[in-house]
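Results of the structural survey
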Amino acid sequence: MVKQIDITKKKEQYLQFIDKCKTVVISSLDSDGNPFTSYAPYVQHDGKLYIYISIITDHYKFIEDNNLISIMMITDEQDSPNLFARERARFQCVAENVGNDGHEEIFAKFEKNHGTPMMGVLRGLDLSLFELTPKEGRYVVGFGQAFDIDLSGEKFEHVVVDKKDK
């Protein structure tokens, strides 16, 4: 008999997980169409994610040239009881460079999450704010525990695979 999953409990676990994550792994395409992996600190605001990255980084240009990216939040290895089933959430996103003007609420969240001194230094450099609009997502918290999601957790559907067809 298959153990029933408590969807409400898993949804709350997901919301706590993304709330404690401070960085996202970013998958973009380089100028030759090859995969490129990077990361950036982020904040959430009004159903979107925001990253603040430097114009001199590779991923800045790659995201500017192709705004469809994939992001992933993943638990630290040291905090995972099983490295084959690390807790993680991933999303397809559309990215848009929104510049730095008129986004004080977002920068206030960056200061709260990443420190006022650090943000003071970064705001004097060549960084720009990118807005990530999440599309489809998947949250995995263990074997047989994958969920199709949206960022807010409003959509939270257990993914069931029929193994008889394999």
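Quick caveat: nothing in here was measured; it's all calculated off a predicted structure.

The pairing of strand β6 (residues 127-142) with strand β7 (residues 145-149) spans five bridges and is antiparallel. By the bridge assignment for β7, Gly142 is matched with Gln145. Taking the residues that link successive antiparallel strands as the turn, the β6-β7 hairpin has two residues, and the phi of Gly144 there is positive, at about 70°. Linking β7 back to strand β8 (residues 156-158) in an antiparallel pair, the connection comprises six residues, with Gly153 at a positive phi of about 85°.

Let us look at helix α1 (residues 7-20). Over its 14 residues, α1 extends 20 Å from the first C-alpha to the last, a length consistent with the 20 Å expected when each residue adds 1.5 Å. Among the residues of α1, Lys10, Tyr14, Phe17 and Ile18 are the ones counted as buried. The arc enclosing the buried residues of α1, seen along the axis, measures out at 90°, which places them on a common side. Exposed residues on α1 whose side chains face more than 90 degrees from its buried face are Thr8, Lys9, Asp19 and Lys20.

Another aspect to go through is the pairing of strand β1 (residues 23-29). Of the two faces of β1, the one lined by Val24, Ile26 and Ser28 is fully buried and the one lined by Thr23, Val25, Ser27 and Leu29 carries no buried residue. Across seven bridges, the pairing between β1 and strand β2 (residues 35-45) is antiparallel. Each residue of the ladder has a partner; that of Ser28, found in β2, is Phe36. Remark: five residues form the turn of the hairpin made by β1 and β2, two consecutive strands paired antiparallel; Gly33 in that turn has positive phi of roughly 85°. The pairing of β1 with strand β4 (residues 68-74) spans three bridges and is classified as antiparallel. Bridge assignment links Val25 to a residue of β4, and that residue is Met72.

Examined against the element boundaries, Glu87 turns out to sit in the loop between β4 and β5 (88-99). Although buried, Glu87 forms no salt bridge, and the nearest oppositely charged side chain, Lys20, lies 5.1 Å from it. Leave out the neighbours within four places in its chain, and Glu87 touches Gln13, Phe17, Met73, Ile74, Thr75, Tyr139, Val140 and Val141.

On to the pattern of salt bridges, then. Within the structure shown, the criterion is met by four salt bridges. In this structure, Asp65 and Lys61 form a salt bridge, with 2.5 Å as the shortest nitrogen-oxygen distance. Of the two residues, Asp65 and Lys61 are both situated in helix α2 (residues 58-65); the distance of four residues between them amounts to about one turn of the helix. The exposed category is assigned to Asp65, whose relative accessible area is 52%. Taking the relative accessible area as the measure of exposure, Lys61 reaches 44% and is therefore partly exposed.

Thresholds, definitions, all that
- Residues numbered from 1 in each chain as written.
- Predicted model: local features only at pLDDT ≥ 70, side-chain atom pairs only at ≥ 80, totals over all residues.
- Heavy atoms only, no water.
- Pairing = 2+ DSSP bridges.
- Helix = DSSP H or I, 4+ residues; strand = E, 2+ residues; numbered from the N terminus.
- Expected span 1.5 Å × (residues − 1).
- Buried < 20%, exposed > 50% of the residue type's maximum accessible area, 1.4 Å probe, protein only.
- Arc of directions from axis to C-beta.
- Lys, Arg positive; Asp, Glu negative; His and termini not counted.
- Salt bridge = Lys/Arg side-chain N within 4 Å of Asp/Glu carboxyl O.
- Contact = heavy atoms within 4.5 Å.

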